[in-house]
Every structure is written in C-alpha cells, then in structure tokens.
Amino acid sequence: MYNKKYINTKLSKFLIFMNQEEKKQKVAEASLEYIQSGQVIGIGTGSTINHLISLMDKVKSKIDGVVSSSENTTKLLIEKNIRILELNEVGRLPLYIDGADESNMHRQLIKGGGGALTREKILAQASDEFICVIDDSKLVDKLGNFPLPVEVLQISQSLVALELVKIGGRPVLRENFNTDNGNVILDVHNLEILEPIKMEQSINNLPGVITNGIFALRPADRLLVSNSNGVDVIEN
Ligand code: 5RP
C-alpha cells in the first residue's frame, strides 16, 4: 500500500511535468509565427520540437520543405507528410528552430540531451536565423548544471574521457545509446563553463571528439522563453 507522502510526492512531480509540457507546447506554438512562405526551414530534435511538429499542420502548406536534424524528427515529419530535404541540396537555410537543455542570457546554449547535437550544430551553422525555444526552467546564469554531451568516436572514448577529467569534468558514457552518426556520447558532469566559447573550442580540439553540446561560437539569434504568463523573447 502507498502512503500519503509517497502519493503527494508523485502527484507534485506529475504536476511539475505537466506544467513544463504546457510551457513547451506554448513556446513551440510561439515559434510558428517566424516561419515564412516559400521557405525550406531547419527543424531540431526533442520534446519541445515534437510539439512544434504536431502543430505544423498550420504552416505546412506554405513551406517548401524541412531539413531535419535527426532520424526521430524525420520520422515524425514524414508522418505529417512534410517534404524532407538534405542540407546538401539546399545549401543554406533562412531559419532553424530547435530546443535546448540550457541557455544563458547571451543565448549561448547546452544542447544534445537527445543526442542529436552534431547535426543540430551543422543546421545552426547553416542557418541565417536560429530560433531557440525553451521553457523558463532552462534559463540559467551560468551553463554547466546540465551535463555537457560530447559526441565521440567509440575508439577514442577512454582517451577523451581522460582529457575531460583533466579539465575538471566527470564524464559518464551514455548507456545503450548510439547517435544517428554511429558514435557514442559522454555526458560530462561538474564542468564549470565560465567561458563557453573557449570551452567549446578546446573540447572540440580533442582528437576523437565529433562535437560537443556547447553552442556559443554560433549561439541562438533569438531565444523564446515560455513561463506561466506567456513567452518572452530575448534577442540582439
Ligand atoms: C537534442 C537537443 C534538444 O533540443 C534538447 O535536449 C532539449 O530537449 P527537450 O525539448 O526534450 O527538453 O539538443 O539533441
């Protein structure tokens, strides 16, 4: 039999989860207004973006197609009968919309909770405008509370892990997970990310690293942040 305390804890966790899902849905909806007719746009990965995809019936007739950041997103877009294009076919993108695991006020991000960070970083780099959609629980003063995902070639996993320990991190191999590119992910705990650009560059310089989840060299241009009262926009 469950006691009252157990049930209350479960219930409050469920309510927090529901509240966050509502915020994700709200911020996804707010991003729709930035999608213009005749565009091929980039779409990211994750539960916030899944809300956006479910709302895309509202805009799918006016766009020319989507470049997707992951196999999961591609599958959902195909179910919606949305045309999928490859980045190599279109060159650059006018707009890329994606979520994040953390953002600071400079729109520098940690991404990769869903493991799609490399393709996401490519699409962000290829886009003229990058809109990031988060709820207010992800807005932080300093990046690094969320463990930093680092995509690594499997053969270099232990070498990279040793290097990450030297800079103060505690890398943990993401279990039973391979990226869409066939690599592994190290989730790095305890990193103090005081200078996001420098840390992004230095981790990317380690042999065997495909990329890491700091998006500071190419931050978001516009950050949409949902809270209980609405959606705030943080931009240049
Ligand atoms: C996937 C990502 C996601 O954008 C990030 O993990 C946020 O996900 P969610 O919207 O589910 O909270 O970077 O690689």
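Structure's up top.
Residues numbered from 1 in each chain as written. Predicted model: local features only at pLDDT ≥ 70, side-chain atom pairs only at ≥ 80, totals over all residues. Heavy atoms only, no water.

Caption draft 1: Focus on the pattern of salt bridges. All chains considered together, the criterion is met by 18 salt bridges. Salt-bridge contacts for Glu71 lead to Arg119; the nearest nitrogen and oxygen are separated by 3.4 Å. Taken as a pair, Glu71 in helix α3 (residues 71–79) and Arg119 in helix α5 (residues 117–126) lie far apart in primary sequence, 48 residues in all. Using a relative accessible area of 45% as the deciding quantity, one classes Glu71 as partly exposed. (Salt bridge = Lys/Arg side-chain N within 4 Å of Asp/Glu carboxyl O. Helix = DSSP H or I, 4+ residues; strand = E, 2+ residues; numbered from the N terminus. Buried < 20%, exposed > 50% of the residue type's maximum accessible area, 1.4 Å probe, protein only.)

Caption draft 2: Inspection of the site of the ligand at higher detail. Near the ligand there are 17 residues, and of these Ser47, Thr48, Asp101, Gly112 and Lys138 occur at the shortest range. Within the contact set of the ligand, an oxygen atom lies 2.5 Å away from a side-chain nitrogen or oxygen of Ser47. The separation between an oxygen atom of the ligand and a polar main-chain atom of Gly112 is 2.8 Å. Coverage of the ligand by the protein chains reaches 92% of its 380 Å² of free accessible surface. Each residue belonging to the shell around the ligand can be placed in one class, and the counts come to two nonpolar, nine polar and six charged. (Near = heavy atom within 4 Å. Polar contact = N/O pair within 3.5 Å; in protein donor to acceptor, adjacent residues only side chain to side chain. Areas by Shrake-Rupley, 256 points an atom, 1.4 Å probe, with all protein chains shown as cover. Nonpolar A, V, L, I, M, F, W, Y, C, P; charged D, E, K, R; others polar.)

Caption draft 3: Quick peek at the packing of aromatic side chains. With the rule as written, the count across this model stands at one aromatic pair. The ring of Phe215 carries Lys111 above its face, with NZ or CZ at 5.6 Å from the centroid. Its end group placed over the ring of Phe177, Arg174 keeps NZ or CZ at 5.2 Å from the ring centre. (Phe/Tyr/Trp six-rings, centres within 6.5 Å; stacked < 30°, edge-to-face > 60°. Lys NZ or Arg CZ within 6 Å of the ring centre and 35° of its normal.)

Caption draft 4: A look at the environment of Arg107. Assignment of secondary structure puts Arg107 in the loop between β4 (102–103) and β5 (109–110). Judged by relative accessible area, Arg107 falls into the buried class, the value being 11%. Distance in space between the C-alpha atoms of Arg107 and Leu139 is 9.3 Å, their sequence separation being 32 residues. Leave out the neighbours within four places in its chain, and Arg107 touches Phe215, Pro219, Ala220, Asp221, Arg222, Leu223, Ile234, Glu235 and Asn236. Looking at Arg107, its side chain comes within polar contact range of the side chain of Asn236, at 2.9 Å. (Contact = heavy atoms within 4.5 Å.)

Caption draft 5: Main features of a nonpolar patch on the surface. Nonpolar side chains collect at one region of the surface, where Leu153, Ile155 and Ile210 lie side by side and expose about 300 Å² of accessible area between them. Of the residues examined, Ile210 reaches a relative accessible area of 35% and is grouped as partly exposed. (Patch = residues over 30% accessible without salt bridge, like charges linked within 9 Å, V, L, I, M, F, W, Y side chains within 5 Å.)

Caption draft 6: Region of interest: unusual backbone geometry. Of note, Asn176 is a non-glycine position whose phi angle comes to about 50°, a positive value. Examined against the element boundaries, Asn176 turns out to sit in the loop between β8 (170–173) and β9 (184–189).

Caption draft 7: Spotlight on the environment of Glu163. Note on placement: Glu163 falls in helix α6 (residues 157–166). By relative accessible area, Glu163 is classed as partly exposed at 25%. Sequence separation between Glu163 and Ser37 is 126 residues, and the spatial gap between their C-alpha atoms is 47 Å.

Caption draft 8: Here's a closer look at the side chain of Lys111. Looking at the element boundaries, Lys111 is found in the loop between β5 and α5. On the basis of relative accessible area, Lys111 is assigned to the buried category, the value being 2%. Not counting residues within four places of it along the chain, the set of residues in contact with Lys111 comprises Asp98, Gly99, Ala100, Asp101, Leu117, Glu120, Phe130, Pro149, Gly213 and Phe215.

Caption draft 9: Spatial organisation of the nonpolar core. Counting 22 residues, the largest nonpolar core has Ile35, Ile43, Leu52, Met56, Val66 and Ile97 as the members making the most contacts within it. Of all elements in the fold, only α1 (4–31), β1 (40–43), α2 (47–54), β3 (93–98) and β6 (127–135) reach the threshold of two or more residues within this core. Not counting residues within four places of it along the chain, the set of residues in contact with Val66 comprises Val40, Ile41, Ile43, Met56, Leu77, Ile82, Arg83, Ile84 and Leu85. Counting 20 residues, the second-largest nonpolar core is a separate cluster that includes Leu148, Val188, Leu191 and Ala216. (Core = buried A, V, L, I, M, F, W, Y, C linked by side-chain atoms within 4.5 Å.)

Caption draft 10: Inspection of the sheet that holds strand β11 (residues 214–215) at higher detail. Overall, antiparallel pairing links the three strands, which are arranged β4-β5-β11 in an open sheet. With partners counted over all chains shown, the strands left at the sheet margins are β4 and β11, one partner each. Bridge analysis of β5 against β11 gives two bridges, and the strand direction is antiparallel. Note that in β11 the partner of Leu109 across the bridge is Phe215. (Pairing = 2+ DSSP bridges.)

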